[in-house]
Amino acid sequence: MNYTLESLASDLQAQNYAVLSPDLAANGTLIAALQNSMASRHGGTDDKALGAFVDSQNFHGGRWTRFNIMVTSFLKLARDVNPWSAWDSCDVVFGFYADLSNCLLDDSYPCEPLVPLFLATTEHIIPLAVALDAHHAQLGLKRHQFLSHTSMVISKLFNSIKANSENRIDDFARLPQKQQILLYLVNRLNNIYFRMDAPQLCSNIFKNFRPKCSIPRFSLFPLRQQIEYRYLLGRYYLLNARISNAFVQLNDAFRSLIAVAKTSGSSPTLLRNVRRVLQFLVPTGILMGKMPRLSVVAEFDADLANVYSTLQQSIRAGNIQGINGWLRQHQQRLLEKNLLLVLLEKLPMVAYQHLVRRLVRDWSLANGVNRLPYDLVARALHTSIGSDDNSSTIDIFTGIHPGASAENVLVTLINLGYLRANCFPALRLCVFKKTGNLADILPPIAERIVGMFPLNSDDAWLDS
Amino acid sequence: PAAAAAPPLPSDVRPPHILVKTLDYLIDNLLSTLPDSEGFLWDRMRSIRQDFTYQNYCGPEAVDCNERIVRIHLLIIHVMVKANVEFSLQQELEQLHKSLITLSEIYDDVRASGGSCPNEAEFRAYALLSKIRDPQYDKNIQEMPAHIFQDSLVQMALCFRRIISNSNFSERGFVRTENCLNFYSQFFKLIQSNQVPFLMASFLEIYLNEIRFYALKALSISMNKKHKPIASEAIANELMFNNMDELMEFCKYYSISVTQEGVDLKSVTAHSHKLPEKKPLKNFYLQCVDDKLGNTAYPNVINIGKANIDTINSRSNAIPGAVAVEEVTR
Amino acid sequence: MSSTTEKAVAMSKEDTVSKESPAASNRKSLEEDDEFEDFPADQWPAGTSLKDTNEFHTNLWEESWDDVEVDDNFTNDLRAEISRYKQEHQA
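Residues numbered from 1 in each chain as written. Chains lettered and ligands numbered in written order. Predicted model: local features only at pLDDT ≥ 70, side-chain atom pairs only at ≥ 80, totals over all residues. Heavy atoms only, no water.

## A few points about the packing of aromatic side chains
Residues and elements named next belong to chain B.
(1) Moving on: The tally for this structure, following the rule as stated, stands at 39 aromatic pairs over all chains.
(2) Moving on: Their ring planes at 25° and their centres at 6.1 Å tell us that Phe52 and Tyr57 sit as a pair that is stacked.
(3) Moving on: For Phe52, a relative accessible area of 3% translates into the label buried.
(4) Moving on: Here Phe241 and Phe250 contribute two aromatic rings whose centre-to-centre distance is 5.4 Å and whose plane-to-plane angle is 65°, an arrangement assigned as edge-to-face. (Phe/Tyr/Trp six-rings, centres within 6.5 Å; stacked < 30°, edge-to-face > 60°. Buried < 20%, exposed > 50% of the residue type's maximum accessible area, 1.4 Å probe, protein only.)

If you want it as structure tokens, here you go:
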């Protein structure tokens, strides 16, 4: 292949911007040819000479300075790239990426045709940044340095996008290119923040997404991007212990993936995504007081179904020791998914409701009374929590549960609405209304949660 | 110096080993004059931290000083409340948080460069208690190495965070979450355990008012509207008030009526422990926490822990590109 | 194809960086990674939205709140405790 600066210039005049891809897998032949031809170029190839060459081409009438800077940056990349070393080449590659993104910031220039190049380059840059960051210690860099840099480039572009408020367009294909990639950028940024262990940064992106959007309905965005958005939003809520909000998003992501699988056919990547969602959705549902059908879970992930079947049994039985044993057994895996502490805090009241349910059914209703003595509850707690040994070491499994206070457990259940009853501290009794219907005394937790914790109204448009 | 003042001349900034000596001096000679010396100590400790910041120094002396400064703030919280002397808890906590953030950043950097700090777990535990309802801290601690996460102080701090979690908690900017435990009875049981050291217990005392308020709130919600008042002694006992006067002061603040019969929980009408129209309720202490301190001389409460010198990987003393720690704390 | 090109193509291979520094990579395997992968999902079948796809709805959650009898050691212990309490308080 013979490819010179002049060939490049004429491609650019023809708006064939794909030639600017820094991805050697896709564009390596062209870059290599350009590198070869530059080596023998009259007039030199130092920075100044390359700049002068680009200026002399009078691209876009010479008015678009950032475009010229970007093209010059590409020429430096072609000149200096070392195909054997991502590390040696990272300056020119990341420099070009930043310059390319700068071209897209100002909509008064004809930047639309550059958007596909930006997308392709982003797809190339992110894995490169991840790979380089994996070696930050050997390279003497801060953790996530390249990803952090990449996120700054993308967020600058994200920030430059503004909604056209007067003219909301209902046809995705007629939207400006930058609007079309809005959800793509949102997902990319959020993924990077999760990877950098800084998901709190997602909050800004979630908040600013809709105000930047010219499209009136979320469902007009590409389907896979919608699903990924909900998955990320759900995980973000879960990290903030906002269970019902997390549940709604993750459950929706799951249902959508299944619907896609059934209409367009499944694929290994799709099934892996289903498993990713289930990892978070199953525990979140359990925290909502729901019971997953483990046979359905097992269709996608037999191991996950197996792991959660033991937990499910302990919850149904009201067995706190069983829950703690399960948490202890799976501690490592739960820590890695940031699930341990949220389960530690939010599983017990679900289990306590089941425990009290057994007492109401097998003692109160069996005896035809509408009360529950504290003493009976205390005994059940003792059976559930285990011995209350003061000498044992305090850890997250021994330190939390109030074996000694039946009243406190009942009070919390009543406050959450999981037990409809009144406490009579002086009589050491809990009294509920006269009914044979257990669900009147111990209503479904999911319903109570929905009543007490309204969903974030900012997310309502995701259903549009 | 005021925040806007120009940074001092290099010749006016004390080098690390002098800052250690300065702190030694404060500990050996001024702690015993608490509560009188609180203001002076606060000022001198801030100045020590600032001098480290000015020279962008993150070595073992900085770790040592920040660690001991955190312990001093924790000691002061208890001593001042016990002495019933007016002081600004909010200012004390502000400096305490700053020191904890400085430490957390240094610990991260030291670990990233292959070193370790011997007292890290203790201060990670305090950090968990410093923003006791912030889920971000749960995320961070779950990502720490096992020896930190499994450390007994960290485990206890994690217990307290769960125990005081509360789905009724209401404060500006706080988002309530589902299924919270509000195990106030367990809070009072656990804090008495001799496994909970004095400094941790002292820190937990700052949450006494909110724990007691939401305990009464929850009790009141769970009780029948016609229920009689509860004997004051029973309430004082359950919520570990040191004496009836304290309980009366507490009830008066929240306009909870107390009669001959006892505390009338129907009159708990506030929805938040923070009453917008009133200045905050004064802080209380627990006798059981004071007993943990006993007659221990104050310097012996502070100069505990392992020496930082020689344990930190020497490479980390000057962290390349480290930003002035004070700036990063927002 | 010039030799530079071959090199160029080689660089794109994922392991380029590891060649530079052969230390063990701490990258997670594909399965462990929480990040979504690309998958084909162009659109719903014409004219439908998720709300219309209930026919494909895989019901992940148990509908009923009915008790499922658990028969494990714990449940037996609890039953025993309840009947002990019954006896003590009838006597």
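## Some words on unusual backbone geometry
(1) Moving on: Between Leu34 of chain B and the following residue, Pro35 of chain B, the backbone shows a cis peptide bond with an omega angle of 5°.
(2) Moving on: Here Pro35 of chain B shows up in the loop between helix 1 (16-29) and helix 2 (38-54).
(3) Moving on: Its identity as a non-glycine residue notwithstanding, Asn338 of chain A has a phi of 60°, on the positive side.
(4) Moving on: Here Asn338 of chain A is to be found in the loop between helix 18 (331-336) and helix 19 (340-346).
(5) Moving on: With a phi close to 55°, Met240 of chain B is a non-glycine residue in the positive phi region. (Helix = DSSP H or I, 4+ residues; strand = E, 2+ residues; numbered from the N terminus.)

## Considerations on the pattern of salt bridges
(1) Moving on: Inspection of the entire model under this criterion finds 42 salt bridges over all chains.
(2) Moving on: The shortest N-O distance in the salt bridge between Arg46 of chain B and Asp43 of chain B comes to 3.8 Å. On the criterion of helical spacing, the pair formed by Arg46 of chain B and Asp43 of chain B is a turn pair, its members being 3 residues apart in helix 2.
(3) Moving on: Using a relative accessible area of 24% as the deciding quantity, one classes Arg46 of chain B as partly exposed.
(4) Moving on: A salt bridge links Glu210 of chain B to Arg133 of chain B, with the nearest nitrogen and oxygen atoms 3.0 Å apart. Here the residue Glu210 of chain B occupies a position in helix 11 (residues 208-222), and Arg133 of chain B occupies one in the loop between helix 5 (120-130) and helix 6 (135-142), the gap between them amounting to 77 residues.
(5) Moving on: Assessed through its relative accessible area of 12%, Glu210 of chain B is described here as buried.
(6) Moving on: With a relative accessible area of 18%, Arg133 of chain B lands in the buried category.
(7) Moving on: Overlapping salt bridges, with partners in common, bring together Glu345 and Lys346 of chain A together with Asp138, Arg161 and Arg162 of chain B in one network. (Salt bridge = Lys/Arg side-chain N within 4 Å of Asp/Glu carboxyl O.)

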